[in-house]
Amino acid sequence: MTAPQSPEPAAPEVAAPLRPETCGPPRPEVEHGLLPVSRVAAVLLVCVLLAAALAFPGLGRRPLYSAGEVRVALIAKEMLERGDYLVPRLNGVRYYEKPPLMYWATALSYRIFGVNEFAARLPAAVAYVGTVTVVFFLGFTLWGLQGAGLAALLFLTTPAAYHLGRFVSLDALLTFCLTLSLLGLVRLLPREDEPGSPFLGPLLFWLGAALAALTKGFIGFLFPLATAGTALLLYRQGGVWRRLRPGLGLLVLGVLFLPWHLALAWRDPDFVPYYLLNEHIYRFLNLRVPLDYERLSIPAFWAAAALWFFPWSLLLPGLLRRLPAPAALPLLYAGLVLGFFTLSRCRLEYYGHPAYPALAVALAGYVLALRAQRRGRLALGLPSLLLGLLGVSVGGLSLFHPDLTREITSLVMTLDGYYREYFTKHPEQGFFFAREAEGLALPFAAAWLLAGVGGAAAAWRRRPDVALLVWVLAAFPAAYGLEQGIMLVSRDRSQKEAARLVERHWEEGARLIVAGTYEDMGGVTFYTGRRTEMFRAADGDLLYGWQRGDAPELFLSEAQLLEAWHSPARVFLLTQVEIEPPSPAHVLLETPRHRLLTNRPLTPSAP
């Protein structure tokens, strides 16, 4: 994408709260004169380099640790090994829950860089840096160069953004595609007296929507079209639908979205009813089979959204009170995303992530308006003081509270669905590494305290942009602290050490078996590359394919497990701790969540 030759907008006028009559077209009044391309490119390059500094260093250092990471990594690996890029499979079993775009991207990364953690996470990291770029151009379109850089900085330091950029999941790519579609819509709605691109806006709109739908299903169409439809009503511009170019949309739909869906429906008639009903309608109603997740309540969902957007969520009340008119469209889009999942009966902590780029763009305009009107003392001074107070509170708790295990466990349950499900089933358990996590509280507290004090000082001098830059600087040590916390989680949940032991003691004729929910322990398959049999593993992601007879030789009955266990062959059994193992069993590794056992003692000569 080349830098647009757009005039530098003046600081936006602050409007009243969002109402139809205040939702003017998305571009502010501008002064004439062109910005040098080199200046735009220089600011964009700084933002991209900062995002890359958060995304890429040590990308492969942390092992795969979550069911989501393992699932995507294994499906892409199996696509590459089979040479079948049409049917997603997880350990030989059909997996139709999501479309294939992220699997294809990961398989391509494997082909270039080999099968490893770095290659598995690279597509998400690229998507994160790409989203920062799109946010920059969104800000440029609405607010000019200063707003572009500020919006990009706000988004790239959002915890949800850089966490997803270092995590194997579909949501980083989904957020990129939806933000690209939003950029197209913003460019699609110029003032009637200003020129707009007749093709670029519609192309970006439909391209982003189609790729989003190819990443995570029909919500990829829902949010862009709902935003566009609502904007048509609010702006009351009859020519908007014509500028949307629905014919171009049908062409993009036919080229990008339909081929995979039609080909898979042709190969497997069961695909369409399962995909449409179970994975879209029933999931929204929380009637999906199986219900292998623990949903959040509405207050918990909003609390998780605020935490993943922290500290920028502290500024949202002020934004809603004094909304810059051009921010109405991004704010409308963010509200539709968060509102949809609030109404849904299936709410997970990461569902609000696609709203954060739009919120960052809206906040950038809000800060520029405050600076233009020299009103930053209270608008940013109070949130800065609140941030500093939070730093003092967290620091005080970490120093003087005798045991924060319960509070840390509650926080982990809010931000991570795996632990929410596990601790709901095992209320007597707590986060095993809570004591070590307490040590991370002080760096967070120091960062927030310094950001609060510095931000309040800048706000008092009526420099809201400087206040936010202080917050941005404090976000980098906070990002480091979050990464260290994720390292603790990976030690608790990864199967990399178990896989290392399996490989060390592997012998001819040995067998590898997983007992329990396969996706929670499938990392052993990724790291060993061994054929993995399963016991009691069909009640999660594998249920659909198991019911249709996929890979029957890999699913063991209790009698088959016992027969294998008492055979002369070496058997490695990776099992969840609550499952009673066969006897006799020799423990090779035990963690809070799983055990690695073998059926015969290791020989003395084994290394």
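Residues numbered from 1 in each chain as written. Predicted model: local features only at pLDDT ≥ 70, side-chain atom pairs only at ≥ 80, totals over all residues. Heavy atoms only, no water.

1. Things to note about the confidence of the model for the protein chain
Step number 1: Overall, the prediction assigns the protein chain a mean pLDDT of 85, with 89% of residues at 70 or greater.
Step number 2: Here strand E2 (residues 30-34) stands out as the element of the protein chain with the lowest mean pLDDT, 40, in contrast to helix H3 (residues 101-113), whose mean of 97 is the highest.
Step number 3: Below pLDDT 50 for its whole length, residues 1-33 participates in 89 contacts with residues either more than four positions away or in separate chains. (pLDDT = per-residue confidence, 0-100. Helix = DSSP H or I, 4+ residues; strand = E, 2+ residues; numbered from the N terminus. Contact = heavy atoms within 4.5 Å.)

2. Side note on the sheet that holds strand E8 (residues 571-576)
Step number 1: Sheet architecture is open: 6 strands sit in the order E7-E6-E5-E8-E10-E9, paired in mixed fashion. Both edges of this open sheet fall to strand E7 (555-556) and strand E9 (586-590), since each of them pairs with a single strand only.
Step number 2: For E8 and strand E10 (residues 594-598), the ladder comprises 5 bridges, and the chain directions are antiparallel. Its bridge partner being in E10, Gln576 is matched across the sheet by His594.
Step number 3: Where helix H23 (residues 496-504) meets the sheet, its contacts fall on strand E5 (511-515), E8, E9 and E10, and the angle it forms with E9 comes to roughly 145°. (Pairing = 2+ DSSP bridges. Axes fitted to C-alpha atoms, helices over the stretch in contact; angles between N-to-C directions.)

3. A look at the pattern of salt bridges
Step number 1: One pass over the structure, following the stated rule, counts 25 salt bridges.
Step number 2: Put simply, Arg548 and Asp270 hold a salt bridge, and the shortest N to O gap is 3.4 Å. One end of the pair, Arg548, is in the loop between helix H26 (543-547) and E7; the other, Asp270, is in the loop between helix H11 (246-267) and helix H12 (271-284), with 278 residues separating them in the sequence.
Step number 3: Between Glu503 and Arg530 there is a salt bridge whose closest N-O contact spans 2.9 Å. (Salt bridge = Lys/Arg side-chain N within 4 Å of Asp/Glu carboxyl O.)

4. Digging into the nonpolar core
Step number 1: Among the nonpolar cores identified, the biggest contains 186 residues, and Tyr128, Phe136, Trp312, Leu363 and Phe431 are the most heavily contacted of them.
Step number 2: With 17 residues, the top contributor of residues to this core is helix H4 (residues 117-143).
Step number 3: Residues in contact with Leu363, not counting those within four places in the same chain, are Leu154, Phe309, Trp312, Leu315, Leu316 and Leu319.
Step number 4: Membership of the second largest hydrophobic core comes to 11 residues, among which are Ile513, Phe535, Ala564 and Val571. (Core = buried A, V, L, I, M, F, W, Y, C linked by side-chain atoms within 4.5 Å. Buried < 20%, exposed > 50% of the residue type's maximum accessible area, 1.4 Å probe, protein only.)

5. Digging into the packing of aromatic side chains
Step number 1: One pass over the full model with this rule turns up 25 aromatic pairs.
Step number 2: With a centroid separation of 5.0 Å and 40° between ring planes, the pair formed by Phe284 and Phe340 is classed as tilted. Residue Phe284 is located in helix H12, and its partner Phe340 is located in helix H15 (residues 328-343); the two are separated by 56 residues in the primary sequence.
Step number 3: Centre to centre, the rings of Phe341 and Tyr351 are 4.8 Å apart; their planes meet at 40°, and the pair counts as tilted. One end of the pair, Phe341, is in helix H15; the other, Tyr351, is in the loop between H15 and helix H16 (356-373), with 10 residues separating them in the sequence. Of the two residues, Phe341 and Tyr351, both sit in the buried class.
Step number 4: One aromatic cluster in this structure is built from Tyr96, Phe218, Phe221, Phe257, Trp260, Phe271, Tyr274, Tyr275 and Tyr544.
Step number 5: Positioned above the aromatic ring of Phe199 is the side chain of Arg245, whose terminal nitrogen or guanidinium carbon lies 4.3 Å from the ring centre. (Phe/Tyr/Trp six-rings, centres within 6.5 Å; stacked < 30°, edge-to-face > 60°. Lys NZ or Arg CZ within 6 Å of the ring centre and 35° of its normal.)

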